[in-house]
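# Examination of the molecular architecture
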Amino acid sequence: MLDISELSEKSIKQILTNLEEEKELSCSLPGGGMLHIEKDLPYLIVYRRRKNDAGTARIVMCEASYLIIGDRDFEAYQDLLFQVSDKLASDFKSYLLFEIYAGEPGSACFTIKGPAKKLASSLGLLQEELEKINERYSGLYLKSEIKDTPNRQKEGEPPLMEIEQTKQSGAVVVGLEIPPVYRNMEGELYPVFFRGYRDFIVKAIHKAIFDYIRVQTSCGVASFHALGRRYLKDKVFEIDKKLGQIESSYEFLWLVSPSNIHEIKKEFFDSNYDKLLDYHYRLLPIDPDVLKRELYNLKIEDIDDPAMSHLFREKREELDQQITMLSERGTKNFFYNSIRLYKGIDTTLCEEAGKLLREVDEEDPVKDAEMIDSKGFSSLARREFDYFTEQDENFKSKVHIRKDVNIMMVSKGELFIPEDYKMNKTETEALIQHEVGTHVLTYYNGSRQPLSLLRTGLADYDPLQEGLAVMAEYLVDGLTANRLRTLAGRVIAGSALMEGGDFQQIFRLLTTDYGFSGERAFNITSRIMQGGGFLKDIIYLKGLVELRHHLQNGGEFEPLLAGKFGLKHIGIIKELTERKVLKKPVLKPSYLLTENVQNKLNLIKEGLPLSKMITR
């Protein structure tokens, strides 16, 4: 960052030279000023530093191109603006200076000041977007108006540039007065409301500026999403890294699963489904109180990038819930927090699960079927790893065969297989693409992103992750009747748990009412009861249903493999990708190259019922 202590002719020339050479710039200026310009953006958001103006500067500083005018040398700042505009207008055909300032206390009107005829479309769109504020916040009664005036600054202050100068430099000046409803009459900020208000205003401004860019300039910005910052501040990466470290300090699923599941199963079946041993859990490797203190010491409130602030706050809340649950294993409170973490079970999902179980009968195991053990499965997984290495030589992962693992799982991008694992060989390709082609792949793709949370997972990423994994089973012709029934049975078991059912009652419900074998019913019930009641297993069917809905509404499939995130994050992922903060996926799964995969996806888009997705 340049440090300009005085805005002289020489220093302004230095700024222009840097702009010419680098096409971007970040520098501190006299009187607490700051200039930040990123590439290919034909506009500058401007704010004049003022006393007792809490919050307003933060609306501007989340921008990719902004100027904070310091509290001295205003005439020198005017000269700087003229010369920057003159230079960049020649590159883009036009250059927009967009000044933001707060209205007087009690003001209830957004006032847009600018050339109403010349920028009729852009200013009209800005007014239209700002007027949606009352729909978003009940109890706010704000107006908006457009003033066609040469005086676009706050009343009583000098202009950024005289109209004649704007014509000479190729600049257009627009002013926006915003109602200071984000602070009280004493000037103190309402921090929670301010975040949402700021994000709303920034989005409205970006839509209007994109319209201006599209109509008035030669700039090739693809959409308003691309107008956010490309270069995230160091504070963003510090918090991203720390959130990842906190999550990596414990294995949530490992710590809520029982360590004595084999003994529980043996006693249950030996007693003719009557006796149930207590669940035993592994000792916690962390102190929940200490970890929460670390979590809430993170200054997320200082992050002014709307997208990143939203993602970090979501993730902090999720980690807070998980840490709480770890200290409550074996209690009812664990179950209540599980409902909150996984958003419960809605009626539609229960109906879908019940319909599946009515339409699809359980299949008996194939007699004399060729089985594959843990070593055989490990070899198949390594073959898929080799395919990933062909795409990116930096890819590295391991397979671990362990005695102390009771289910196959991916942790930190590596595959863990129970030592006594055996599976029907015809179903292995489906499981390979579920575990390796989805979970390992998205972990690695996320690890190649600048944000570590795309590797460990944004908040609520699990439903999409498991939806993709089950969809992969369908795309490789490996989705069986029993597999779909298991996913539906987990939802039924979760619903029964929420209605007060205990282990034996849920087990009998699955075997008697829905025709599950004792083995499958135990696996479903034991997983839903771990921790004291754990609803994670509902997300497999939930994720599949939501993914189908996404595809049927025109959503794309492949971009969902760029990392670990939820369908609700697609807008933010798209924005960060267009801002060039995020990259496109590095690895693609091998099943995308198989014959007929596009036809299968088309069937889903056309409304193929879940019961018809059975491919074996």
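Residues numbered from 1 in each chain as written. Predicted model: local features only at pLDDT ≥ 70, side-chain atom pairs only at ≥ 80, totals over all residues. Heavy atoms only, no water.

## Some points on the overall build of the protein
- The secondary structure content of the protein amounts to 24 helices and 14 strands.
- A principal-axis box enclosing the C-alpha atoms of the protein has dimensions of 90 × 50 × 40 Å.
- Across the 616 residues of the protein, 56% fall into the buried class.
- Within the protein, counting contacts between residues at least 6 apart in sequence, those at least 24 apart form 75% of the total. (Helix = DSSP H or I, 4+ residues; strand = E, 2+ residues; numbered from the N terminus. Buried < 20%, exposed > 50% of the residue type's maximum accessible area, 1.4 Å probe, protein only. Contact = heavy atoms within 4.5 Å.)

## A short note on the packing of helix α19 (residues 481–498) against helix α22 (residues 539–552)
- At a closest axis distance of 7 Å, the pairing of α19 and α22 adopts a crossing angle of 110 degrees. Considered as vectors, α19 and α22 are oriented roughly perpendicular to each other. Residues Leu484, Leu487, Ala488, Arg490 and Val491 of α19 touch α22, and the partners they reach there are Tyr540, Leu541 and Leu544.
- Each residue belonging to the contact of α19 with α22 can be placed in one class, and the counts come to 7 nonpolar, no polar and 1 charged. (Axes fitted to C-alpha atoms, helices over the stretch in contact; angles between N-to-C directions. Parallel < 35°, antiparallel > 145°, perpendicular 65-115°, else oblique. Nonpolar A, V, L, I, M, F, W, Y, C, P; charged D, E, K, R; others polar.)

## Some thoughts on the pattern of salt bridges
- Enumeration according to the criterion identifies 36 salt bridges in this entry.
- For Glu362, the salt bridge goes to Arg520, with nearest N and O atoms at 3.3 Å. With Glu362 in the loop between α14 (347–359) and β10 (371–373) and Arg520 in helix α21 (residues 518–529), this pair connects stretches of sequence that are 158 residues apart.
- Classification of Arg520 as partly exposed rests on a relative accessible area of 29%.
- Three or more residues are tied together by salt bridges with common partners; here these are Arg48, Arg50, Glu99 and Glu157. (Salt bridge = Lys/Arg side-chain N within 4 Å of Asp/Glu carboxyl O.)

## Details of the environment of Asp79
- In this structure, Asp79 sits in helix α3 (residues 74–92).
- The class for Asp79 is partly exposed, based on a relative accessible area of 33%.
- Separated by 184 residues in sequence, Asp79 and Glu263 have C-alpha atoms that sit 80 Å apart.

## Remarks on the pairing of strand β9 (residues 171–178)
- In terms of residue burial, β9 counts as a mostly covered element, since 8 of its 8 residues are buried.
- Going residue by residue along β9, you find Ala171, Val173, Gly175 and Glu177 tucked away on one face and Val172, Val174, Leu176 and Ile178 tucked away on the opposite face as well.
- Judged from the 8 bridges that link them, strand β6 (residues 95–102) and β9 form a sheet pairing that is parallel. Directly across from Ala102, in β9, lies its bridge partner Ile178.
- Across 3 bridges, strand β7 (residues 109–113) lies against β9 in antiparallel orientation. Bridge pairing in β9 links Ile112 to Leu176. (Pairing = 2+ DSSP bridges.)

## As for the nonpolar core
- Membership of the largest hydrophobic core comes to 121 residues, with the highest contact counts inside it found for Met471 and Phe557.
- Among the elements that take part in this core, α19 stands out by supplying 9 residues, more than any other.
- Non-local contacts of Met471, meaning those with residues more than four positions away in its chain, are made with Leu544, Leu547, Arg548, Leu551, Phe557, Ile604 and Met613.
- Counting 77 residues, the second-largest nonpolar core is a separate cluster that includes Ile59, Ala89, Phe92 and Ile205. (Core = buried A, V, L, I, M, F, W, Y, C linked by side-chain atoms within 4.5 Å.)

## So, the sheet that holds strand β1 (residues 2–3)
- With mixed pairing, the 9 strands of this open sheet are ordered in space as β1-β2-β3-β5-β4-β6-β9-β7-β8. Looking at the sheet topology across the chains shown, the edges are occupied by β1 and β8 (143–147).
- Sheet analysis places strand β4 (residues 43–48) next to strand β5 (residues 66–69), joined by 4 bridges and oriented parallel. If you follow Ile45 over to β5, its bridge partner there is Tyr66.

## Focus: helix α11 (residues 288–296)
- Those residues of α11 not exposed but buried are Pro288, Leu291 and Leu295. Mapping the buried residues of α11 onto a view down its axis gives an arc of 65 degrees, with all of them on the same face. Opposite the buried face of α11, by more than 90 degrees, sit the exposed residues Asp289 and Arg293.
- Residues of α11 that are buried in the fold lie against α8 (234–248) and α12 (306–326).
- Its side-chain oxygen placed 3.0 Å from the backbone nitrogen of Asp289, Asp287 serves as the N-cap of α11. (Arc of directions from axis to C-beta. Polar contact = N/O pair within 3.5 Å; in protein donor to acceptor, adjacent residues only side chain to side chain.)

## Quick look at the sheet that holds strand β13 (residues 414–418)
- The strand order β11-β13-β12 describes an open sheet built from 3 strands, whose pairing is mixed. The sheet terminates laterally at β11 (399–402) and β12 (409–411), the two strands that pair on one side only. Within the sheet, the average angular offset between the axes of one strand and its neighbour, ignoring direction, is 30 degrees.
- Note that β12 and β13 share 3 bridges and pair antiparallel. What sits directly across from Val410, in β13, is Leu415.
- Its contacts with the sheet place helix α15 (residues 374–391) against β11 and β13, and it is angled at close to 165 degrees to β11.
- Each of β12 and β13 touches helix α16 (residues 428–447); the most contacted strand, β12, lies at about 20 degrees to it.

## Some points on the environment of Leu44
- With respect to the helices and strands, the residue Leu44 is situated in strand β4.
- Among the residues examined, Leu44 registers a relative accessible area of 2% and is labelled buried.
- In sequence terms Leu44 and Asp346 are 302 residues apart; their C-alpha atoms lie 47 Å from each other.
- Discounting chain neighbours no more than four positions away, the residues touching Leu44 are Leu35, His36, Ile37, Ser65, Tyr66, Leu67, Leu81, Tyr95, Leu96, Leu97 and Phe98.

## Topic: helix α13 (residues 332–342)
- Taken as a whole, α13 has its buried residues at Phe334, Phe335, Asn337, Ser338, Leu341 and Tyr342. All buried residues of α13 project into a common sector of 165 degrees when viewed along the axis, lining one side.
- Taken together, the buried residues of α13 touch α9 (252–256), α12, α19 and α22.
- Positive backbone phi, at 65 degrees, marks Lys343, one or two positions downstream of α13.

## A closer look at the packing of α22 against helix α24 (residues 597–605)
- Between α22 and α24, the least distance of the axes is 8 Å, while the angle of their chain directions is 95 degrees. Of the possible angle classes, the one that applies to α22 and α24 is roughly perpendicular. Touching Arg548, Leu551 and Gln552 of α22 are Leu601, Ile604 and Lys605, all from α24.

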